[in-house]
Amino acid sequence: MLFDTHAHLNAMQYNDDLQEVIDRALEEGVSHIVVVGFDRPTISRAIELAEQYPFIYAAVGWHPVDAIDMTEDDLQMIEQLAGHPKVVALGEMGLDYYWDKSPKDVQKEVFRKQIALAKKVKLPIIIHNREATADIIEILKEENAAEVGGIMHCFTGSVEVAKQCIDMNFYISFGGPVTFKNAKKPKEVAKEIPLEHLLIETDCPYLTPHPFRGKRNEPSYVKYVAEAIAELKGISFEEVAQKTFDNAKKVFGITR
Ligand SMILES: [Zn+2]
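Parameters and conventions
Residues numbered from 1 in each chain as written. Predicted model: local features only at pLDDT ≥ 70, side-chain atom pairs only at ≥ 80, totals over all residues. Heavy atoms only, no water. Donors = N, O, S within 2.8 Å, 3.2 Å for Na, K, Ca; no water. Tetrahedral: all angles 85-135°; square planar, octahedral: opposite > 155°, others 65-115°. Helix = DSSP H or I, 4+ residues; strand = E, 2+ residues; numbered from the N terminus. Buried < 20%, exposed > 50% of the residue type's maximum accessible area, 1.4 Å probe, protein only. Core = buried A, V, L, I, M, F, W, Y, C linked by side-chain atoms within 4.5 Å. Contact = heavy atoms within 4.5 Å. Pairing = 2+ DSSP bridges. Right-handed = clockwise from strand over helix to strand, strands pointing away. Phe/Tyr/Trp six-rings, centres within 6.5 Å; stacked < 30°, edge-to-face > 60°. Lys NZ or Arg CZ within 6 Å of the ring centre and 35° of its normal. Axes fitted to C-alpha atoms, helices over the stretch in contact; angles between N-to-C directions. Parallel < 35°, antiparallel > 145°, perpendicular 65-115°, else oblique. Left-handed = near helix turned anticlockwise from the far one by under 90°. Nonpolar A, V, L, I, M, F, W, Y, C, P; charged D, E, K, R; others polar.

Caption draft 1: Region of the structure containing the coordination of the zinc ion. Distances from the zinc ion to its protein donors, namely His6 (NE2), His8 (NE2), Glu92 (OE) and Asp203 (OD), fall within the range 2.1 to 2.5 Å. Coordination at the zinc ion is irregular: its 4 donor atoms span angles of 85 to 180° at the metal. Sequence spacing of the donor residues for the zinc ion, all on one chain, is H-x1-H-x83-E-x110-D. One end of the pair, histidine 6, is in strand β1 (residues 2-7); the other, aspartate 203, is in the loop between β8 (198-200) and α8 (222-233), and 197 residues separate them in sequence. Aspartate 203 matches histidine 6 in its accessibility class, with the two residues each being buried.

Caption draft 2: Layout of the nonpolar core. By size, the foremost hydrophobic cluster in this structure holds 77 residues, and its most contacted members are Leu9, Ile56, Leu90, Ile125, Leu140 and Ile172. Of all the elements, α8 adds the most residues to this core, at 6 residues. In this structure isoleucine 56 touches Leu9, Ile22, Ile33, Val35, Leu49, Ala50 and Lys86, once residues within four positions along its chain are discounted. If you look at the next biggest cluster of nonpolar residues, it comprises 16 residues, including Val34, Val36, Val88 and Ile126.

Caption draft 3: Layout of the pairing of strand β5 (residues 125-130). Both strand β4 (residues 87-96) and β5 contribute to a ladder of 5 bridges, which runs parallel. Paired with methionine 93 across the two strands is isoleucine 127, which belongs to β5. Where β5 lies against strand β6 (residues 150-152), 3 bridges are found, and the strand directions are parallel. Residue pairing in the sheet places isoleucine 126 in a bridge with isoleucine 151 of β6. On the question of chirality, the crossover connecting β5 to the parallel β6 by way of helix α5 (residues 133-142) is right-handed.

Caption draft 4: Examining the packing of aromatic side chains more closely. For the structure shown, the criterion picks out 7 aromatic pairs. Centroid distance phenylalanine 3 to phenylalanine 245: 6.1 Å. Interplanar angle 55°. Geometry classified as tilted. In this pair, phenylalanine 3 sits in strand β1 while phenylalanine 245 sits in helix α9 (residues 237-252), placing the two residues 242 residues apart along the sequence. Assigned by exposure class, phenylalanine 3 and phenylalanine 245 land together as buried. Here phenylalanine 3 and phenylalanine 252 contribute two aromatic rings whose centre-to-centre distance is 5.7 Å and whose plane-to-plane angle is 25°, an arrangement assigned as stacked. Here the residue phenylalanine 3 occupies a position in strand β1, and phenylalanine 252 occupies one in helix α9, the gap between them amounting to 249 residues. Clustering of aromatic rings is evident, with ring pairs tying together Phe3, Phe245 and Phe252. For the cation-ring pair, lysine 86 lies above tyrosine 57, with the distance from its terminal atom to the ring centre recorded as 4.9 Å.

Caption draft 5: How the structure looks around the packing of helix α2 (residues 40-52) against helix α3 (residues 72-81). At a closest axis distance of 12 Å, the pairing of α2 and α3 adopts a crossing angle of 15°. By the angle between their directions, the pair α2 and α3 is classed as roughly parallel. Like other packed secondary-structure pairs, α2 and α3 cross with a definite hand, here left-handed. In this structure, α2 contributes Arg40, Ile43 and Ile47 to the contact, and α3 contributes Asp73, Asp74, Met77, Ile78 and Leu81. Grouping the constituent residues of the contact of α2 with α3 by class yields 5 nonpolar, no polar and 3 charged.

Rendered as structure tokens:
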């Protein structure tokens with residue numbers, strides 16, 4: 001069994017063939033998927049999918065790229081949805097210094113507000129980090145995010161940073177990049193960090209793993225991420241699948 005901890009089946013890229021994409025995932029042994037919403041339309045679609053499919057769960061949050069658009073109403077909506085039985089995390093949230101739509105100080109404020117909310121509603125958080133590692137670590141520390149913990153989504157940082165995140169009660173989640181030939185850092189982290197701290201994800205439709213790199217990604221491809229980790233660690237695919245599955249259930253508080 002495989003657990004795709006981060007998928008955007010709520011993206012328009014699946015408008016035409018969502019059921020086929022889901023069927024392929026089930027055929028490949030993907031038994032749980034967390035669909036991540038990051039603005040109003042993607043949040044409502046994530047909730048819809050979680051209500052429609054028993055094996056789909058939702059995460060709700062506000063993306064740092066769009067931080068400048070987030071209103072108090074949006075934050076209240078997220079708080080309300082936190083009580084939904086299929087909502088298992090808040091996020092994705094974090095900092096993204098690659099795009100400059102939202103100024104850094106606005107991104108930081110929106111990030112801090114969502115961490116505070118997660119502590120209030122007692123849900124783990126899913127962190128998006130692009131070119132902002134030092135500030136992410138600082139904010140997680142200052143806000144005592146360890147209290148809820150969560151997931152460093154699509155982790156591409158160093159072993160040192162991974163250890164700092166683990167110390168704060170976060171799991172390290174790998175996506176397609178760990179399968180790329182030139183991805184030195186993710187491969188090092190996958191080798192070094194014990195399986196008990198790792199998760200797998202697709203971040204579909206983006207970051208498609210080898211050998212489909214460049215095409216649209218989908219949850220059935222999460223097996224390539226598990227295979228890459230197994231090869232790097234010199235252990236079986238089954239062991240990686242089982243342990244990352246157990247880890248995901250634990251962090252999201254899923255009992256079935
Ligand atoms: Zn994402």
